[in-house]
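A structural walkthrough
Residues per chain are reported as follows:
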Amino acid sequence: DAGVTQSPTHLIKTRGQHVTLRCSPISGHKSVSWYQQVLGQGPQFIFQYYEKEERGRGNFPDRFSARQFPNYSSELNVNALLLGDSALYLCASSSGRGERGGADTQYFGPGTRLTVL
Amino acid sequence: GESVGLHLPTLSVQEGDNSIINCAYSNSASDYFIWYKQESGKGPQFIIDIRSNMDKRQGQRVTVLLNKTVKHLSLQIAATQPGDSAVYFCAEIPGRGSTLGRLYFGRGTQLTVWP
């Protein structure tokens, strides 16, 4: 089975532009989470979606939005890009069934490297 | 707030030696802990996990130890190989309910294995 896939792999934008990143979860997984990883740091939680509903949101401005589609794939949108948005954007998928008494193992994709100039 | 951190940013070991990577967490309500390995240019790769009702869990060449008294987590890698060179992150899920699925990561430890 294919793992989590993300597109594009790399992206260069200029300040003020917007960007859409895409993620396809592992087959059978219904939950997708998005993380931002700045160079030299651990990933930071942005959003989680389950069954097309937002399940959680991290401490990110409203310029960040996301959605999940009926096939469980997801998009992350960022408007009015800032230099500080340059990062690796990671998507993680999980079953959403909470088989570990409430916590799911999350499996990450390769990420999208966003550079804002 | 929750805080997950690592004691050492870098660790260098010789091939064949055992490696120990440490992690401290601050939220005593954390229920679930995961170790991830991240190679350059790739996403984090799941290694092993442990629930708060366990002290130890073993996988293939890896062991995770959880000490809830001092809120400390460690990853032991036996017979470390060059392919183990990567950044290792511990991550926690602080509890049940609305924070399910929200992983909190530490800064990471860069493990370098010398031949």
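Keep in mind it's a predicted model, so treat the numbers as computed, not measured.

What counts and what doesn't
Residues numbered from 1 in each chain as written. Chains lettered and ligands numbered in written order. Predicted model: local features only at pLDDT ≥ 70, side-chain atom pairs only at ≥ 80, totals over all residues. Heavy atoms only, no water. Phe/Tyr/Trp six-rings, centres within 6.5 Å; stacked < 30°, edge-to-face > 60°. Helix = DSSP H or I, 4+ residues; strand = E, 2+ residues; numbered from the N terminus. Buried < 20%, exposed > 50% of the residue type's maximum accessible area, 1.4 Å probe, protein only. Lys NZ or Arg CZ within 6 Å of the ring centre and 35° of its normal. Disulfide = S-S within 2.5 Å. Contact = heavy atoms within 4.5 Å. Buried area = accessible area lost by both parts, 1.4 Å probe. Salt bridge = Lys/Arg side-chain N within 4 Å of Asp/Glu carboxyl O. Polar contact = N/O pair within 3.5 Å; in protein donor to acceptor, adjacent residues only side chain to side chain. Nonpolar A, V, L, I, M, F, W, Y, C, P; charged D, E, K, R; others polar. 1 Å grid on protein atoms, 1.4 Å probe; cavity = no way out; pocket = protein on both sides within 12 Å on 5 of 7 lines; lining within 4 Å. Points joined across faces, edges and corners; volume = space filled by probe spheres on them. Pairing = 2+ DSSP bridges.

Counting across every chain of the model gives 12 aromatic pairs over all chains. Judged by centre distance (6.4 Å) and plane angle (80 degrees), the rings of Tyr 36 of chain B and Phe 46 of chain B are edge-to-face. Of the two residues, Tyr 36 of chain B is situated in strand 4 (residues 32-38) and Phe 46 of chain B in strand 5 (residues 45-51); the sequence distance between them amounts to 10 residues. Owing to a relative accessible area of 0%, Tyr 36 of chain B belongs among the buried residues under this scheme. For Phe 46 of chain B, a relative accessible area of 24% corresponds to the partly exposed category. Feature note: the residues Tyr 35, Phe 45, Tyr 107 and Phe 108 of chain A together with Tyr 36, Phe 46, Phe 89 and Phe 105 of chain B constitute an aromatic cluster, connected by ring pairs. Directly above the ring of Tyr 50 of chain A sits Arg 55 of chain A, whose terminal nitrogen or CZ lies 4.7 Å from the centroid.

All names here are of chain A. Following the criterion strictly, the structure yields 2 disulfides over all chains and no others. Through a disulfide, Cys 23 is tied to Cys 91; the S-S separation comes to 1.8 Å. Judged by the sign of its S-S torsion, about -60 degrees, the bond between Cys 23 and Cys 91 is left-handed. Linking Cys 23 in strand 3 (residues 19-24) with Cys 91 in strand 9 (residues 87-94), this pair joins segments that are 68 residues apart in sequence. The exposure class of Cys 91 is buried, given its relative accessible area of 0%.

Here we take up the interface of chain A and chain B. Where interface size is given, it is often the accessible area lost as the parts come together that is meant. Contact residues are listed per partner, giving 26 residues for chain A and 21 residues for chain B. Counting the surface lost from both chain A and chain B, the interface buries some 1800 Å², and carbon and sulfur atoms represent 53% of this. Summed over the shared surface of chain A and chain B, the result is 0 salt bridges. At the junction of chain A with chain B, the criterion picks out 5 residue pairs in polar contact (both at pLDDT 80 or more). When residues of the side of chain A that touches chain B are traced back to their parent elements, those giving at least two are strand 4 (31-37), strand 5 (44-50), strand 6 (53-57), strand 9 and strand 10 (107-108) of chain A. When the residues that make up the side of chain A that touches chain B are grouped by side-chain class, the tally is 9 nonpolar, 13 polar and 4 charged.

Our next topic: the pattern of salt bridges. Taken as a whole, this structure holds 10 salt bridges over all chains when the rule is applied. Note that Asp 49 of chain B is salt-bridged to Arg 57 of chain B, the shortest N-O span being 2.2 Å. The class for Arg 57 of chain B is partly exposed, based on a relative accessible area of 32%. Each of Arg 22, Arg 67 and Glu 75 of chain A takes part in a single network of salt bridges with overlapping partners.

Taken as a whole, the second largest pocket holds about 280 Å³ of empty space. Along the walls of the second largest pocket sit 16 residues, with Gln 37 and Leu 39 of chain A together with Gln 38, Ser 40 and Gly 41 of chain B positioned nearest its centre. For the lining of the second largest pocket, the leading source of residues is strand 9 (residues 86-93) of chain B, giving 3 residues.

This part takes up unusual backbone geometry. All names here are of chain A. Omega for the peptide link from Ser 7 to Pro 8 comes to -10 degrees, which places this bond in the cis form. Of note, Pro 8 is situated in the loop between strand 1 (5-7) and strand 2 (10-13). Its identity as a non-glycine residue notwithstanding, Lys 52 has a phi of 70 degrees, on the positive side. By the secondary structure assignment, Lys 52 is in the loop between strand 5 and strand 6.

All names here are of chain A. Two strands pair when backbone bridges link them, and strand 5 and strand 6 are joined in this way by 4 bridges, in the antiparallel orientation. What sits directly across from Tyr 49, in strand 6, is Glu 54. The turn linking strand 5 back onto strand 6 is made up of 2 residues, and Glu 51 within it adopts a positive phi angle of 50 degrees.

With that settled, the discussion passes to the side chain of Asp 49 of chain B. All names here are of chain B. Locating Asp 49 in the fold gives a position in strand 5. Residue classification places Asp 49 among the buried residues on the basis of a relative accessible area of 2%. For Asp 49, the side chain forms a polar contact with the side chain of Tyr 32, separated by 2.5 Å.

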